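# Summary of structural features
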Amino acid sequence: KFNLPIIELDSKEQKVPALEFSTVIEMPSNMLSDAIEDTSIISDAVAFIAHEHKFSVKAESELSKAEIDMASDENLKIKCPGTTKAKYSIDYLKKMIAGSKISNNVMLEFAESYPLKITYKEIDKIFLSFILAPRMEND
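Residues numbered from 1 in each chain as written. Predicted model: local features only at pLDDT ≥ 70, side-chain atom pairs only at ≥ 80, totals over all residues. Heavy atoms only, no water.

Glancing now at the overall build of the chain. When you go through the chain residue by residue, the secondary structure sums to 2 helices and 9 strands. Its helices and strands taken in sequence order, the chain reads β-α-β-β-β-β-β-α-β-β-β from the N to the C terminus. Within the chain, buried positions represent 37% of all 139 residues. Taking contacts inside the chain between residues at least 6 apart in sequence as the whole, the part at least 24 apart equals 61%. Summed over all atoms, the accessible surface of the chain reaches about 9,600 Å², with 50% contributed by carbon and sulfur. (Helix = DSSP H or I, 4+ residues; strand = E, 2+ residues; numbered from the N terminus. Buried < 20%, exposed > 50% of the residue type's maximum accessible area, 1.4 Å probe, protein only. Contact = heavy atoms within 4.5 Å. Areas by Shrake-Rupley, 256 points an atom, 1.4 Å probe, with all protein chains shown as cover.)

As structure tokens, this is what we get:
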């Protein structure tokens, strides 16, 4: 026998913080998923590095290093004013990339040492968005 309490969901709408991002990347969601999965064996954090024509996902540990470079083309669109680098937790990213199962494309928005916004959108089907705080380095 199981007794489950009735769950009351709070129906009020949550406010999304107003964030301004310098870098916007649109890409196939499977490319992002593959990059996160591949770098997760190296470290517990990943760096996103964007240039005008290249997007890199990089992970480092004391003994190992992985870097995945993706050049801009018709599938990978990069809007970046120069070079932007930010670091994020792989544990949270791995949960967020599950959105790739429901959307073929993903939009990444971030800035230097600034939160990351991941958006999965399929017109007339779904809109799923996540915000992840950056991982700060201890110097």
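Now for the pattern of salt bridges. Taken as a whole and assessed by the stated rule, the structure comprises 2 salt bridges. Where Arg135 meets Asp44, a salt bridge forms, and the shortest distance between an N and an O atom there is 3.1 Å. One end of the pair, Arg135, is in the segment after β9 (126–132); the other, Asp44, is in the loop between α1 (29–39) and β2 (45–50), with 91 residues separating them in the sequence. Under the relative-accessibility criterion, Asp44 is labelled partly exposed at 41%. (Salt bridge = Lys/Arg side-chain N within 4 Å of Asp/Glu carboxyl O.)

As a further point, take α1. Restricting attention to buried positions, one finds in α1 the residues Ser29, Leu32, Ser33, Ala35, Ile36 and Thr39. Along the axis of α1, the buried residues cluster in a sector spanning 165°; they form a single face. (Arc of directions from axis to C-beta.)

Another point: the side chain of Thr84. The topology assignment puts Thr84 in strand β6 (residues 84–89). For Thr84, the side chain forms a polar contact with the side chain of Thr23, separated by 2.8 Å. Sequence-distant contacts of Thr84, that is, excluding residues within four places in its chain, are made with Ser22, Thr23, Phe48, Ile49, Ala50, Phe110, Ala111 and Glu112. (Polar contact = N/O pair within 3.5 Å; in protein donor to acceptor, adjacent residues only side chain to side chain.)

Attention shifts here to the packing of aromatic side chains. Under the counting rule described, the total for this entry stands at 5 aromatic pairs. An angle of 70° between the planes, with centres 5.5 Å apart, marks the rings of Phe48 and Phe55 as edge-to-face. There is no split in this pair, since Phe48 and Phe55 are both buried. Between the aromatic rings of Phe48 and Tyr88, the centroid separation amounts to 5.6 Å while the plane-to-plane angle is 55°, which identifies the pairing as tilted. Pair noted here: Phe48 is in strand β2 and Tyr88 is in strand β6, with a separation of 40 residues, a long-range link. Residue Phe48 is classed as buried on the basis of its relative accessible area of 0%. Among the aromatic residues, those joined into a cluster by ring pairs are Phe48, Phe55, Tyr88 and Phe110. (Phe/Tyr/Trp six-rings, centres within 6.5 Å; stacked < 30°, edge-to-face > 60°.)

Shape descriptors only; they carry no functional weight alone.
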